[in-house]
Amino acid sequence: MAVHLLADVHLTGDDDPNAERLMRYLDGPARAAEAVYVLGDLFDVWVGDDGSLPVHAGVIDRFAALARTGVPLYFMRGNRDFAVGEAFVAASHMQILDDPVVVELCGIPTLLSHGDIFCTDDTAHQAFRARYTDPRWRARMMKIPLWLRRRIARRARKRSMRGKTRKPAEIMDVNAEAVCRAMQTHDVTRLIHGHTHRPDTHHFEIAGDACERIVLPDWRPDRAQVLVADQRTLEYLDVASW
Ligand code: MN
């Protein structure tokens with residue numbers, strides 16, 4: 001049996017072309033998975049369960065259907081969908097994971113993360129991360145009226161788009177020392193994350209141990225992939241062509 005991992009689908013709604021691909025995947029190949037891990041930014045924005053559940057009802061329903069077949073589903077919040085709450089959990093049948101977390105994937109201890117925790121050179125983003133990972137801050141945000149949360153989310157997206165063109169590219173990638181520190185702290189030689197939209201497998205050493213860092217691909221019109229990991233191999237399932 002293999003474990004499936006995906007991240008950064010950035011769904012805008014059930015009418016998003018990638019929503020259809022994701023639903024076909026959830027109704028199909030995902031049923032053979034030992035477990036499915038979604039490592040954040042599944043949704044391009046989550047303004048709160050009240051406003052976002054109806055927009056993504058179709059996809060969430062397919063996750064629930066998959067869970068009912070007995071496949072365990074895990075969801076880690078990303079910086080775009082940090083506001084998923086109890087109603088999302090109830091509707092999707094997904095279990096929320098801490099970020100980062102160590103799990104045994106087919107017997108291999110693996111550190112899983114959305115990934116922005118390692119982008120320590122982007123101090124502005126880290127300041128935002130400190131807020132959105134705080135449950136009390138999230139609870140305060142959810143008390144704001146929905147129309148205002150929608151406006152705040154729109155502004156944040158615009159700001160982030162402007163930031164992306166202004167910030168040097170290296171700042172938006174992970175910091176190598178932050179990666180090593182986390183892997184040593186959690187005593188793992190394998191890390192899987194998303195967020196950076198720089199899919200790759202990096203091989204390196206920490207204190208003589210061979211290590212790897214797998215960056216999951218973001219979904220685009222021409223690329224929609226799920227990582228399939230078993231005891232020996234890591235392969236990408238191409239959902240776009242499937
Ligand atoms: Mn992200």
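Since the model is a prediction, treat every value here as computed from it, not as a measurement. (Residues numbered from 1 in each chain as written. Predicted model: local features only at pLDDT ≥ 70, side-chain atom pairs only at ≥ 80, totals over all residues. Heavy atoms only, no water.)

Participant: Can you lay out the pairing of strand S5 (residues 101-105) for me, pointing to particular residues and giving the numbers?
Facilitator: Burial of S5 is one-sided: the residues Val101, Val103 and Leu105 facing one way are buried, the residues Val102 and Glu104 facing the other way are not. Across five bridges, the pairing between S5 and strand S6 (residues 108-113) is antiparallel. Of the residues in S6, the one forming a bridge with valine 103 is threonine 110. As consecutive antiparallel partners, S5 and S6 are separated by two residues, and within that stretch cysteine 106 has a phi angle of approximately 50°, a positive value. (Buried < 20%, exposed > 50% of the residue type's maximum accessible area, 1.4 Å probe, protein only. Helix = DSSP H or I, 4+ residues; strand = E, 2+ residues; numbered from the N terminus. Pairing = 2+ DSSP bridges.)

Participant: Tell me about the sheet that holds strand S8 (residues 200-206), and please be specific about residues and values.
Facilitator: The five strands lie next to each other as S5-S6-S7-S9-S8, forming an open sheet whose pairing is mixed. The sheet is open, and its two borders are formed by S5 and S8, each paired with just one other strand. Each strand of the sheet is rotated relative to its neighbour by a mean of 25°, with strand direction disregarded. Relative to strand S7 (residues 190-193), S6 runs parallel, the two sharing three bridges. (Axes fitted to C-alpha atoms, helices over the stretch in contact; angles between N-to-C directions.)

Participant: Account for the coordination of the manganese ion, naming residues and giving values.
Facilitator: The coordination sphere of the manganese ion, as far as protein atoms go, consists of Asp41 (OD), Asn79 (OD1), His114 (NE2) and His195 (ND1), spread over 2.0 to 2.2 Å. Ordering the donors of the manganese ion by residue number gives the pattern D-x37-N-x34-H-x80-H. In this pair, aspartate 41 is assigned in the loop between strand S2 (33-38) and helix H2 (49-52) and histidine 114 in the loop between S6 and helix H5 (123-132), connecting sequence segments 73 residues apart. An identical accessibility class is assigned to aspartate 41 and histidine 114; each is buried. (Donors = N, O, S within 2.8 Å, 3.2 Å for Na, K, Ca; no water.)

Participant: Break down the packing of aromatic side chains for me, citing the residues and quoting the values.
Facilitator: Applying the stated criterion across every chain yields a total of 10 aromatic pairs. With a centroid separation of 4.7 Å and an interplanar angle of 20°, the aromatic rings of tyrosine 37 and tyrosine 74 are classed as stacked. Of this pair, tyrosine 37 sits in strand S2 while tyrosine 74 sits in strand S3 (residues 73-76); the two residues are 37 residues apart in sequence, bridging distant segments of the chain. Summarising the burial analysis for this pair, tyrosine 37 and tyrosine 74 share the class buried. By way of ring pairs, the aromatic residues Phe43, Trp46, Phe75 and Phe88 are connected into one cluster. (Phe/Tyr/Trp six-rings, centres within 6.5 Å; stacked < 30°, edge-to-face > 60°.)

Participant: Go over a positive patch on the surface, please, and point to the residues and values.
Facilitator: Where like charges cluster on the molecular surface, the positive patch consists of Arg131, Arg150, Arg151, Arg154, Arg155, Lys158, Arg159, Arg162 and Arg166. In terms of residue count, helix H7 (residues 146-166) provides more of the positive patch than any other element does, eight residues in total. Its place among the elements puts arginine 150 in helix H7. (Patch = residues over 30% accessible without salt bridge, like charges linked within 9 Å, V, L, I, M, F, W, Y side chains within 5 Å. Areas by Shrake-Rupley, 256 points an atom, 1.4 Å probe, with all protein chains shown as cover. Salt bridge = Lys/Arg side-chain N within 4 Å of Asp/Glu carboxyl O. Lys, Arg positive; Asp, Glu negative; His and termini not counted. Charge placed at Lys NZ, Arg CZ, Asp CG, Glu CD.)

Participant: Describe the nonpolar core, with residues and values.
Facilitator: Formed by 36 residues in total, the largest nonpolar core has its most connected members in Leu6, Leu22, Tyr25, Val36, Leu42 and Phe63. Mapped by element, the contributors of at least two residues to this core are helix H1 (17-27), S2, helix H3 (57-68), S3 and helix H6 (135-142). Excluding residues within four positions of it along the chain, phenylalanine 63 makes contact with Leu22, Leu26, Val38, Leu42, Leu73, Ser92 and Met94. Residues Ala35, Leu39, Tyr74 and Cys106 belong to the second largest nonpolar core, which totals 19 residues. (Core = buried A, V, L, I, M, F, W, Y, C linked by side-chain atoms within 4.5 Å. Contact = heavy atoms within 4.5 Å.)

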